[in-house]
Amino acid sequence: MPPRPEADGRVHRFSGAVRWVHRTTAALMLLCVATAACLYVPQLAELVGRRHLLVTVHEWSGLLIPVPLLAGLLARSLRADLGRLNRFGPHDGQWLRAVRRRDHRPGSRPAGKFNAGQKLYAAWIAGAVLVMAGTGLLMWFTGLAPLMWRTAATFVHDWLALAIGIVLGGHIAKALADPEARRGMRTGSVERQWARREHPLWREPGERSLEDQ
């Protein structure tokens, strides 16, 4: 879907459904990470206490993470955005090469509605959530698998949780460094100049998007 012009010179970027899914998923993810930290870091565990409650909140917040996305699939705008996130083109390779070379020249990092970094992050976090859910279920329901499987699941779950925490920290840091990107997710619209600079292949209404050609 091309950007829709706003009366004040801004362009529409995210629908209400997309923003709701993002916010709800982010809240569940942060709750899951926070409770995991309280369970595994001794200092935090002593400070918070109530381990049984933390375990329960952690388990259910983890299981609920996919629910907002599944519910949001009813919205056409979310399905369209997922399609863009799941589609890589030659311009994405150029974007990644420019990042590797630390090339910040104008035009060196072409991107459609989502750049290659956002696409890779979305793919990685989706896969990580599925692995965490699977290993978490093996740890939760001890009768599902033999001890060796549960031990392996615990190992994968713990180390992948650490990786998720690091990647989420990077995602949050990137968002904090770009106020207009945050405003787009908060209000649904962005400045036209920002859209043209950061996502030049994401075209105005009436123009065919180059990322779809």
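These notes cover the structure that comes with them. (Residues numbered from 1 in each chain as written. Predicted model: local features only at pLDDT ≥ 70, side-chain atom pairs only at ≥ 80, totals over all residues. Heavy atoms only, no water.)

### Remarks on the overall build of the protein
Here is step 1 of the chain: If you tally the helices and strands in the protein, you get ten helices and three strands.
Here is step 2 of the chain: Walking the protein from its N terminus toward its C terminus, one meets helices and strands in the order β-β-α-α-α-α-α-α-α-α-α-β-α.
Here is step 3 of the chain: Overall, the C-alpha framework of the protein stretches about 60 × 35 × 30 Å when taken along its three principal axes.
Here is step 4 of the chain: Counting all 213 residues of the protein, 32% fall into the buried class.
Here is step 5 of the chain: Summing over all exposed atoms, the protein offers an accessible surface of approximately 13,000 Å²; the carbon and sulfur share of this is 66%.
Here is step 6 of the chain: Computing the positive centroid from 29 side-chain charges and the negative centroid from 16, the protein places the two 2 Å apart. (Helix = DSSP H or I, 4+ residues; strand = E, 2+ residues; numbered from the N terminus. Buried < 20%, exposed > 50% of the residue type's maximum accessible area, 1.4 Å probe, protein only. Areas by Shrake-Rupley, 256 points an atom, 1.4 Å probe, with all protein chains shown as cover. Lys, Arg positive; Asp, Glu negative; His and termini not counted. Charge placed at Lys NZ, Arg CZ, Asp CG, Glu CD.)

### Notes on helix α9 (residues 179-187)
Here is step 1 of the chain: Within α9 the residues assigned to the buried category are Glu180, Gly184 and Met185. Viewed along the axis of α9, the buried residues span an arc of 140°, placing them on a single side of the element.
Here is step 2 of the chain: The first or second residue beyond α9 is Gly188, which carries a positive phi of 95°. (Arc of directions from axis to C-beta.)

### Notes on the layout of surface pockets
Here is step 1 of the chain: Reported here for the second largest pocket is a volume of approximately 690 Å³.
Here is step 2 of the chain: Lining the second largest pocket are 28 residues; nearest its centre among them are Cys32, Ala36, His58, Met132 and His157.
Here is step 3 of the chain: Those elements giving two or more residues to the lining of the second largest pocket turn out to be α1 (16-40), α3 (51-64), α7 (116-140) and α8 (147-176). (1 Å grid on protein atoms, 1.4 Å probe; cavity = no way out; pocket = protein on both sides within 12 Å on 5 of 7 lines; lining within 4 Å. Points joined across faces, edges and corners; volume = space filled by probe spheres on them.)

### Looking at helix α6 (residues 90-100)
Here is step 1 of the chain: Burial in α6 covers these residues: His91, Asp92, Trp95 and Ala98. Angular distribution of buried residues about the axis of α6 spans 120°; they occupy a single face of the element. For α6, the exposed residues lying more than 90 degrees away from the buried face are Pro90 and Arg100.
Here is step 2 of the chain: For α6, the elements touching its buried residues are α7.
Here is step 3 of the chain: With its phi angle positive at about 55°, Arg102 sits one or two positions after the end of α6. (Contact = heavy atoms within 4.5 Å.)

### Thoughts on the pattern of salt bridges
Here is step 1 of the chain: Within this structure, the stated rule accounts for seven salt bridges.
Here is step 2 of the chain: Note that Asp81 is salt-bridged to Lys113, the shortest N-O span being 2.9 Å. Placement of Asp81 in helix α5 (residues 76-85) and of Lys113 in the loop between α6 and α7 is noted, with a sequence separation of 32 residues between them. Of the two residues, Asp81 and Lys113, both sit in the buried class.
Here is step 3 of the chain: With its nearest N and O atoms 2.2 Å apart, the salt bridge here joins Glu180 to Arg183. Highlighted residues: Glu180 and Arg183, both in helix α9, separated by three residues, approximately one helical turn.
Here is step 4 of the chain: Shared partners join several salt bridges into a network, and the residues in it are Arg10, Glu180 and Arg183. (Salt bridge = Lys/Arg side-chain N within 4 Å of Asp/Glu carboxyl O.)

### Regarding the packing of α6 against α7
Here is step 1 of the chain: Put simply, α6 and α7 touch, their axes get as near as 8 Å, and they point 95° apart. The orientation of α6 relative to α7 falls into the category roughly perpendicular. For the pair α6 and α7, the contacting residues are His91, Asp92, Trp95 and Leu96 in the first and Ala116, Gly117, Lys119 and Leu120 in the second.
Here is step 2 of the chain: Of the residues belonging to the contact of α6 with α7, the class tally is four nonpolar, two polar and two charged. (Axes fitted to C-alpha atoms, helices over the stretch in contact; angles between N-to-C directions. Parallel < 35°, antiparallel > 145°, perpendicular 65-115°, else oblique. Nonpolar A, V, L, I, M, F, W, Y, C, P; charged D, E, K, R; others polar.)

### Quick notes on the nonpolar core
Here is step 1 of the chain: Membership of the largest hydrophobic core is limited to eleven residues, which are Leu28, Met29, Cys32, Ile65, Ile125, Ala128, Val129, Met132, Leu160, Ile164 and Leu168.
Here is step 2 of the chain: Every element with two or more residues in this core is listed here: α1, α7 and α8.
Here is step 3 of the chain: The element best represented in this core is α7, accounting for four residues.
Here is step 4 of the chain: The residues touching Leu168, leaving out its near neighbours within four places in the chain, are Met29, Val33 and Tyr121.
Here is step 5 of the chain: Counting residues in each nonpolar core, the second largest holds eight residues, with Phe14, Val18, Leu78 and Phe114 among its members. (Core = buried A, V, L, I, M, F, W, Y, C linked by side-chain atoms within 4.5 Å.)

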